[in-house]
Each structure stands twice: as structure tokens, then as C-alpha cells.
Amino acid sequence: MSVAIAVNPVAIRAVEVSRAGAVRAAACVRREALATQGGGPTRARVSAEEGALLVRAMDRAGFGGRSSGGMLAGLMLSADAADVVVDTPPLTGVYEVPPRGSGAPTERLARSEVARAHRVEPSAVEVAVLDAPRPSGSRGRESDHVLAVGLLTEDVTPVVCDLDAAGIESRRVATAHVALLEAAMRLGGVSEAVAVLDLQWHGAHCGVAVRAEGGEGGWTGGAGQSWGRAAPCFVRHINEAALWRVAQACAQRTGLSASRALEVACVGASWADGTDARAVDAARRVATAVRPVVTQYLDALAEEASRSLAYVGHRHPSAPVTRVFVCGEGAALPGVVDRLGAELGVDVAVLAPGAVAGVGAWPRDVARGGAWAPVVSVALSALGGAAERARDASRGGER
């Protein structure tokens, strides 16, 4: 089994995926997001109360096959250690490096390039490095290209410590970017290219995977399943599409809290009890008040996404993006799919966990809600990675 936990200022979501790739347990703790004076987002820690609520929610959901009360103060077996995803702006870049066969320290070089580009010390960032397809016009075999995705340790380490204090063991800190692209390819199949927009509190994460020319650079997905010769080639953090901007503006217009204002912006007037005429009228007034904010957000998102896809198209002209998937906390915003589809001129759909993993009898918001896609995708990806490690170990024993 594989466990993943996603932490952002709006919610803490946890899922457990079986070896068969089905979501067998899910738990969520809603949070009260705050915004600092001056408009910036708060780096929300997991409080002791929230940690206890998460443990109880996971216990009730039966994580690890336990029945209610079985986790005993939240202590988890090492087999249940979770991959943790923290909503924080990533440090990303695509870099040209010496060929892998040259013996050059590729990971160290990529870390240094990320740190230099973002003006931080190399020791302050943890970086994942993936092989990337060569762009059109590159120097062939004289060099390789890698995609680097980094996280500042000061952003993620405190959250891991908070979860540990609650009795939840973390296996590693993960980023959802590549896992989401894998999930998108499960859903859309390999065409020329596919993109994912993960709409989160601190910004939108735009990732693109393209078909590598000449059969280069592909990856094998979870549980050994191959999606062809395709590879992640681009990841970008779009600060202009941060949901905290929507929540803050909606809160100012409605007098609601930031979290509640974002929820109302996503569900519109449908949150009111239809039997109460006054409540319905109030809901409609609130929905009308926040609509301009949502429109402004979608305009900014569409503009920046269009720029990103144009950049990828310039570097990989033979592999145009044909499908875009939307997920994250902002996937429920009204009009997001239609607005992006009209602006980008490609097929746009919500990346629903129920389409890439079995979800059994779990609530509709888990199966269909794009907010669950990142954590489910990370759990699926980790499951595949564990299977690959087991196969490698088995082959090593045979030799």
C-alpha cells in the first residue's frame, strides 16, 4: 500500500492506495487559511489540534487496515510512512548538462543551477532531477537536458516535523508535478503532448510532458506500466494564479473568512439551502459579488498558461500540447474548463481521481473532485516506484 498526505492552507488531505491501484482510504481536515498583512500568503504549519484531527480522521477511515481506535495516539507502522506534498512555490528549470555517460555529477550541477537561478544557497534546497527530451535545435549527443524541481527546506521541513509530532511518519517530501503528468497520461493516453495545471493556494503549477523525438527520454510509469516515449519537459510556478488572491479579494467583498470565501467562489449560489428563500437570495448576492474576482483570476491564469504552452511549443515544435488537465483546490471554480479551453484552443478537462484510480464507494468529491488529484497521483506514483524497486532488488538477487 501507499500513503500520501497533501498539506495546504485550505485543507490537509490523506489517501491510501492499495497495491491494485485503488483508493482504499481517504481523510480530509479543512483548515482556516490566513493571509498576511500586505497580501502575501501565510506559510501554514500543522498545529497540534490539526494533527490530532488528521490522525482521528485517518483512524476512522481505516488507514492501514485498522478499525476505529487502532492507531493508538496516531502511531503508524513504518510500512505506512507517507509521502508528503506541501503547497509551496517550487524552484524549477530545464538545464543543459554533460551526457550521463560522461561521469559528470548531473544532480549536483542541476542543484547548483537551480540555486543560482533563484538566488539561494545550494544547501537550502532539495532538488529532484529528471531526464528531459532534447529541444529542437539542441546539439545532439554533445549534451543532455534535465528538468529540475526544487523545494526550499525551510518551507517543507517544519511541516514534516509537525506531522511527526502528531505521530504520522513521513517517508519523503514529494512534488506532485511528475505524478500528475503520469496520471494525465493514464487518462488521456500518449499523443503529442499533455499539460496539467494544478491550481493551489500559493500559485498554479504548470507541467508539460512531450513525446521525445527519436525515441529518447521516455519514462516507465507506476507499477511498470509504460506510456510510450514521453517525458516531462517543463514545470513552471505561476504566481499570478495564486488562489490566496481570489480568497482575499472575495473575503473583502463578502465579509467571510478567506477559506469560506474561496469555497463560496467555487460552488457559487449552490451552497445555500434551497428551502430557505432568504438563504438562497443571500447566496446569489454573494455569488454575484465574487464573480468579477473569479473572472479576473481566470483571465490571468489563461494568459500565463498560454505563454507557457507557447514556450513549450517553440522548444518542441513537433510535439504540440493537445490536452490540458486541471486539478487542485481551484479546479472547482466556475468556468475554469470553458475559459481555458477557449483561450488555449485545446481540449481541457478536470483531472478526476476516479478516472485514474479505483475509488470504490468513497464520496463523490474524492472520485470526481480535482482537489484530490495531486495527493492520489502521488500515492499512485509512489506505489509504482516501490514496485520498480522491488523488481530491481529481485533482479539483483538473481544475478
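Residues numbered from 1 in each chain as written. Predicted model: local features only at pLDDT ≥ 70, side-chain atom pairs only at ≥ 80, totals over all residues. Heavy atoms only, no water.

*Asks:* Could you give an account of the overall build of the chain, naming the residues involved and the relevant values?
*Replies:* Check the secondary structure of the chain and you find 11 helices and 13 strands. Contacts in the chain between residues far apart in sequence, at least 24 positions, make up 67% of those at least 6 positions apart. Surface exposure of the chain reaches about 17,500 Å², of which carbon and sulfur atoms provide 50%. (Helix = DSSP H or I, 4+ residues; strand = E, 2+ residues; numbered from the N terminus. Contact = heavy atoms within 4.5 Å. Areas by Shrake-Rupley, 256 points an atom, 1.4 Å probe, with all protein chains shown as cover.)

*Asks:* Break down helix α5 (residues 243-254) for me, with residues and values.
*Replies:* Counted at 1.5 Å a residue, the expected span for α5 with its 12 residues is 16 Å, and the 16 Å between its end C-alpha atoms agrees. Among the residues making up α5, those that are buried are Leu243, Trp244, Val246, Ala247, Cys250 and Ala251. Burial along α5 is one-sided: seen end-on, the buried residues are contained in an arc of 155°. Looking one or two residues beyond α5, the residue adopting positive phi is Gly255, at roughly 80°. (Expected span 1.5 Å × (residues − 1). Buried < 20%, exposed > 50% of the residue type's maximum accessible area, 1.4 Å probe, protein only. Arc of directions from axis to C-beta.)

*Asks:* Explain the sheet that holds strand β3 (residues 23-30) to me, using residue names and the numbers behind them.
*Replies:* The strand order across the open sheet built from 5 strands is β3-β2-β1-β4-β8, with neighbouring strands paired in mixed fashion. Here the strands that pair on one side only, and so sit at the sheet edges, are β3 and β8 (170-173). Strand-to-strand twist across the sheet, computed as the mean angle between neighbouring axes with direction ignored, equals 20°. Where strand β4 (residues 82-86) lies against β8, 3 bridges are found, and the strand directions are parallel. Residue pairing across strands places Val84 opposite Val173, the latter belonging to β8. With respect to the sheet, helix α1 (residues 48-61) is in contact with β1 (2-7), β2 (11-17) and β3, its orientation differing from that of β3 by roughly 155°. (Pairing = 2+ DSSP bridges. Axes fitted to C-alpha atoms, helices over the stretch in contact; angles between N-to-C directions.)

*Asks:* Lay out helix α8 (residues 336-344) in plain terms, naming residues and giving numbers.
*Replies:* Val336, Leu340 and Leu344 are the residues of α8 that are buried. The arc that holds the buried residues of α8, viewed along the axis, is 40°, so those residues lie on one side. Structural note: α8 exposes Asp338 and Ala342 on the side pointing more than 90 degrees away from its buried face. Backbone geometry just after α8 places Gly345 at a positive phi near 70°.

*Asks:* Could you give an account of the pairing of strand β7 (residues 144-152), with specific residues and numbers?
*Replies:* β7 sits mainly inside the fold: 9 of its 9 residues count as buried. Of the two faces of β7, the one carrying Asp144, Val146, Ala148, Gly150 and Leu152 and the one carrying His145, Leu147, Val149 and Leu151 are both buried. As judged from the 7 bridges shared by strand β5 (residues 91-97) and β7, these two strands associate in the antiparallel manner. The partner of Thr92 across the bridge, within β7, is Val149. Across 8 bridges, strand β6 (residues 125-132) lies against β7 in antiparallel orientation. By the bridge assignment for β7, Glu126 is matched with Leu151.

*Asks:* Can you break down the sheet that holds β7 residue by residue, with the values?
*Replies:* The antiparallel open sheet is built from 3 strands, whose spatial order is β5-β7-β6. Looking along the sheet, the strands with just one partner apiece sit at the ends: β5 and β6. Sheet twist, expressed as the average angle between the axes of neighbouring strands with direction ignored, equals 25°. Against the sheet, helix α3 (residues 153-165) engages β6 and β7, with an angle of about 55° to β7.

*Asks:* Quick rundown of the pattern of salt bridges? Include the residues and the values.
*Replies:* Counted by the stated rule, this structure contains 13 salt bridges. One salt bridge in this structure joins Asp83 and Arg171, with 3.0 Å as the shortest N-O distance. Taken together, the residues span a long stretch of sequence, with Asp83 in strand β4 and Arg171 in strand β8 at a distance of 88 residues. We classify Asp83 as buried; its relative accessible area is 1%. Overall, the relative accessible area of 39% leaves Arg171 in the partly exposed class. With its nearest N and O atoms 3.0 Å apart, the salt bridge here joins Asp83 to Arg172. Taken together, the residues Asp83 in strand β4 and Arg172 in strand β8 connect sequence positions 89 residues apart. Given the relative accessible area of 39%, Arg172 is considered partly exposed. Each of the salt bridges in this network shares a partner with another, and the network as a whole consists of Arg236, Glu303, Glu304 and Arg307. (Salt bridge = Lys/Arg side-chain N within 4 Å of Asp/Glu carboxyl O.)

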